[in-house]
Amino acid sequence: MPFNKNQYIRIISDIALCACIVFGPWWLMVIGLIVATVYFENYFEIILFGVLIDALYGTGASSIFHVPIAYTVFAITMFLLSIPLRKRIRATI
């Protein structure tokens with residue numbers, strides 16, 4: 001089954017965001033995740049990226065049972081906020 005153009009863009013953005021998480025500064029990955037969450041519909045990958053960021057760079061400052069959760073909570077919040085935000089943006093266009 002061939003992919004459509006939007007799926008290719010989504011895969012390329014996922015690869016770029018993974019590279020940004022590993023090699024880029026924190027503010028670049030946050031901006032990239034916010035843009036991807038607003039641009040793509042049902043961008044579930046943000047939650048996985050939040051877990052990945054916490055696993056790689058998390059500190060014990062905000063943790064549950066010594067597991068860092070700061071970026072994971074941020075990712076879940078962004079995902080949940082993007083649903084009504086996307087509906088409002090599409091309703092005005």
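Residues numbered from 1 in each chain as written. Predicted model: local features only at pLDDT ≥ 70, side-chain atom pairs only at ≥ 80, totals over all residues. Heavy atoms only, no water.

Draft legend 1. Focus on the overall build of the chain. A count of helical and extended segments in the chain gives four helices and two strands. The N-to-C order of helical and strand elements in the chain reads α-α-α-β-β-α. Relative to its full complement of 93 residues, the chain shows a buried share of 26%. Counting contacts in the chain only where the partners sit at least 6 residues apart, residues at least 24 apart contribute 65% of the total. Put simply, the chain shows about 6600 Å² of open surface, and 75% of that area lies on carbon and sulfur atoms. (Helix = DSSP H or I, 4+ residues; strand = E, 2+ residues; numbered from the N terminus. Buried < 20%, exposed > 50% of the residue type's maximum accessible area, 1.4 Å probe, protein only. Contact = heavy atoms within 4.5 Å. Areas by Shrake-Rupley, 256 points an atom, 1.4 Å probe, with all protein chains shown as cover.)

Draft legend 2. Structural context of the packing of aromatic side chains. This structure, assessed with the given rule, holds three aromatic pairs. Ring centres of F40 and Y43 lie 5.5 Å apart, and the angle between their planes is 20°; this geometry places the pair in the stacked category. Each member of the pair F40 and Y43 is classed as buried. (Phe/Tyr/Trp six-rings, centres within 6.5 Å; stacked < 30°, edge-to-face > 60°.)

Draft legend 3. Focus on the packing of helix α2 (residues 26-39) against helix α3 (residues 45-57). α3 packs onto α2 with a crossing angle of 165° between their chain directions and a minimal axis gap of 11 Å. Viewed along their axes, α2 and α3 adopt a mutual orientation that is roughly antiparallel. For the pair α2 and α3, the crossing hand works out as left-handed. Packed against α2, whose contacting residues are M29, L33 and T37, the element α3 presents I46, F49 and I53 at the interface. When grouped by side-chain class, the residues that make up the contact of α2 with α3 number five nonpolar, one polar and no charged. (Axes fitted to C-alpha atoms, helices over the stretch in contact; angles between N-to-C directions. Parallel < 35°, antiparallel > 145°, perpendicular 65-115°, else oblique. Left-handed = near helix turned anticlockwise from the far one by under 90°. Nonpolar A, V, L, I, M, F, W, Y, C, P; charged D, E, K, R; others polar.)

Draft legend 4. The nonpolar core, seen in detail. Membership of the largest hydrophobic core comes to 14 residues, with the highest contact counts inside it found for L17, L33, Y43, I46 and F49. Those elements that place two or more of their residues in this core are α1 (5-23), α2, α3 and α4 (70-92). (Core = buried A, V, L, I, M, F, W, Y, C linked by side-chain atoms within 4.5 Å.)

Draft legend 5. Focus on the side chain of D54. Locating D54 in the fold gives a position in helix α3. Within the buried set, D54 has no salt-bridge partner at all; the shortest N-O distance to an opposite charge, 19 Å, is to R10. Setting aside chain neighbours within four positions, we find D54 in contact with P68, I69, A70, Y71 and T72. (Lys, Arg positive; Asp, Glu negative; His and termini not counted. Salt bridge = Lys/Arg side-chain N within 4 Å of Asp/Glu carboxyl O.)

Draft legend 6. Fine view of the environment of V30. With respect to the helices and strands, V30 occurs in helix α2. On the basis of relative accessibility, which here comes to 14%, the residue V30 falls in the buried class. The spacing of V30 and L17 is 13 residues in sequence and 9.5 Å in space, taken between C-alpha atoms. Excluding residues that lie within four positions of it along the chain, V30 makes contacts with Y71 and F74.

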